[in-house]
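Survey of secondary and tertiary structure
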Amino acid sequence: MLQDNPLLAQLKQQIQENLPKKEGTIKATDKGFGFLEVDNKTSFFIPPPYMKKCLHGDKVVAIIRTEKEKEVAEPQELVEQGLTRFIGRVKLFKGKLNVTPDHPQLKKQSFKAKVKKGLNPEHFAEGDWVVAHLIRHPLNGENGFFVEISEKITDADDKIAPWWVTLAQNDLPNSEPAGIENWELKDDADLERIDMTHIPFVTIDGESTKDMDDALYAKKKDNGDFELTIAIADPTAYITPDDEMDKVARERGFTIYMPGRNIPMLPRDLADELCSLIENEVRPALCCSVTVSKDGVIGEDIKFFAANIKSHARLVYDHVSDWLENGSSDSWQPTEEIASIVRDLFEFSQARANWRQTNAVVFPDRPDYRFELSENNDVVAIHADMRRSANRLVEESMITANICAGKTLKANFNTGVFNTHSGFKPEKIADVIKLVNPEGELPYNAESVETLEGFAALRRWLGEQDTSYLDNRIRKSQTYSEMGNQPLPHYAMGLDIYATWTSPIRKYGDMINHRMLKAHVLGKEPVQTPDETVGEEMALHRKHHKIAERNVGDWLYARTLIDEPAKETKFIGEIFDINRAGMRIRLLENGAAAFIPGSLVVNNKERIDCNSENGTLSVDKNLVYRLGDTLEVVLAEVNLENRNIVAKPTQEFPLEVVEAANEEKTGEEETTKEK
């Protein structure tokens, strides 16, 4: 009777209306309770019964009441669903369809489900991967959660699941675009292609590369300078801005690269065959020639032109590197002509690298980690490939070509697709100077690091330090690299202009730059110029592609390392992030990311301090670890379901910290005795 009493209901409503309300985001835990995160400093406890009406990530309005002398939040109104479209796995309860989200904070949730019209529920089995949509939510006044399955991704036991699930998760295509039967050259009738098939261009790529998009030629002059010519594959010879294929390329943005496979931006018959600069095959290309001095300075004689070229040698990175570094290669014996070209290209690359080392910014060498897969998609090995002589040779050639394109586009059109970086975040500059130059003894101040030259000088100085701690600390103070239509500097590279055009098979922005460079060659207005949205589109594509690459990698690492905790295998890890919960490290042997909780360093919250702002971990107020440090670890847990790896140090503290603490303790004891 009391429950149906309208006066009691009215009184309850009045009490709730008078209670304070807060808007925030739900943060769930695996214990059944959660928190309402109002801001970075304010949160309210949500008891398990109230969590049944909401999900992790929901933005809600909640009333704040006191229960058992503790403030708690009760979600009342849904502002924004945290879960809409999601990836999940089928669960069958008494033959009825349910879906469990593939999300760390939602894996204990299971929602009743139906299939979209046109799908057969009988085709779904326990554990199958699906795309689902949350269509009912309790805070919308509906009876419980309910989802609709819109797509089956793959079977429960499919070994290719990491790729298909990750692509679906990021709403990315899982196959190449459809080609057409007959590709036709659609160049401007006035574009004359120079016959350069007699020039001995060479391609240098990985052994399995099929979409070879750059060919190189260099000749050293008597005065020590270099004549460099870069030829780039030309898909815009076959695709106009009005073609349907151009729309497809723009929607994709880039070729998607993931461990073990890629999803091309363009059809393979175009990317891997008709445009690919295959040895001894005549191909249309857009070319750039320029003189580079023996001191590595790019000349003013930059010239772009269209040509028909022919690769005279299909070379492989490792073979060329062996030959350059050791004087010979068991796998490759070049002709004298090709040997001379490779030698001149290498000397050119050294001159440019030295110039950039002195005047711009050169990134430190780090290995590229590569998964070797079997035909059954099992990981056979993980290789740590270092950048060798041939890789640097190609890299310097491409950087030179992109500088030339940036200069040409800026001078002729003052627009294009430019890669830019604006240096430090303005609000962080004072903190950076305080960190790197606290005594004011170095030539770095707030005014100088705002300039390209000052920023590059500071980056070079950081690269010369014995430890990478400072470098790691200030990286969070830097802006992100961007793509846009304004000719702005690239601070992170130390360059005043940079516009890529060397991978039009793989990047849509490079296709736009190709069309603009062709317009420059013709002396005409471009048939296509980038608007303000292109940079944002490219950045969004790149973000999703990087997430997909990382997620597949995490999945494969978890599969590969699943047995290592039991074996107590030791690894060396480098600390790349410290937060209040612990440290994130990169295993140098294979590139896997692992987390070290503070409790596995010292299982006492009072003794440990994980300082994310300073990038340090201290115990008993003694510094133990810093960003950039390396330490020996074993894996404590590999969770295949969440694709998480947890590690712990093999020593409680580094030896030098223990010794320092012992010395300090001995000193204190001696002082006490004297007293």
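Residues numbered from 1 in each chain as written. Predicted model: local features only at pLDDT ≥ 70, side-chain atom pairs only at ≥ 80, totals over all residues. Heavy atoms only, no water.

Quick look at the packing of helix H4 (residues 244-252) against helix H13 (residues 533-561) now. The geometry of H4 relative to H13 is characterised by a closest axis approach of 8 Å and an angle of 60 degrees between their N-to-C directions. In terms of axis orientation, H4 runs oblique to H13. Of the residues in H13, those touching H4 at Arg250, Glu251 and Arg252 are Thr533, Val534, Glu537, Met538, His541 and His545. Across the contact of H4 with H13, the residue classes break down as two nonpolar, three polar and four charged. (Axes fitted to C-alpha atoms, helices over the stretch in contact; angles between N-to-C directions. Helix = DSSP H or I, 4+ residues; strand = E, 2+ residues; numbered from the N terminus. Parallel < 35°, antiparallel > 145°, perpendicular 65-115°, else oblique. Contact = heavy atoms within 4.5 Å. Nonpolar A, V, L, I, M, F, W, Y, C, P; charged D, E, K, R; others polar.)

It is at 11 Å that the axes of helix H6 (residues 317-326) and helix H7 (residues 336-359) come closest, and there the two elements cross at 80 degrees. Taken together, the axis directions place H6 and H7 in an arrangement best described as roughly perpendicular. Across the interface between the two elements, Val320, Trp323 and Leu324 of H6 pack against Ala339, Val342, Arg343 and Phe346 of H7.

What follows concerns the UniProt feature "domain: S1 motif" (unreviewed entry) in the chain. In the numbering adopted here, UniProt assigns the feature "domain: S1 motif" (unreviewed entry) to residues 568-650. Strand forms 60% of residues 568-650 and helix 0%; the C-alpha atoms that close the span are 10 Å apart. (UniProt positions renumbered as here; feature names shortened; annotations may be inferred.)

In this section: the packing of aromatic side chains. Inspection of every chain in the model, using the stated rule, returns 14 aromatic pairs. Centre to centre, the rings of Phe111 and Phe145 are 5.4 Å apart; their planes meet at 50 degrees, and the pair counts as tilted. Here Phe111, found in strand E8 (residues 111-115), pairs with Phe145, found in the loop between strand E9 (129-136) and strand E10 (146-154); they are 34 residues apart in sequence, far enough to count as distant. Here Phe111 matches Phe145 in class, with each residue buried. Each member of the aromatic cluster is reached from another via a ring pair, and the members are Phe33, Phe35 and Phe45. Its guanidinium or amino end placed over the ring of Trp163, Arg261 lies 4.6 Å from that ring's centre, counting from NZ or CZ. (Phe/Tyr/Trp six-rings, centres within 6.5 Å; stacked < 30°, edge-to-face > 60°. Buried < 20%, exposed > 50% of the residue type's maximum accessible area, 1.4 Å probe, protein only. Lys NZ or Arg CZ within 6 Å of the ring centre and 35° of its normal.)

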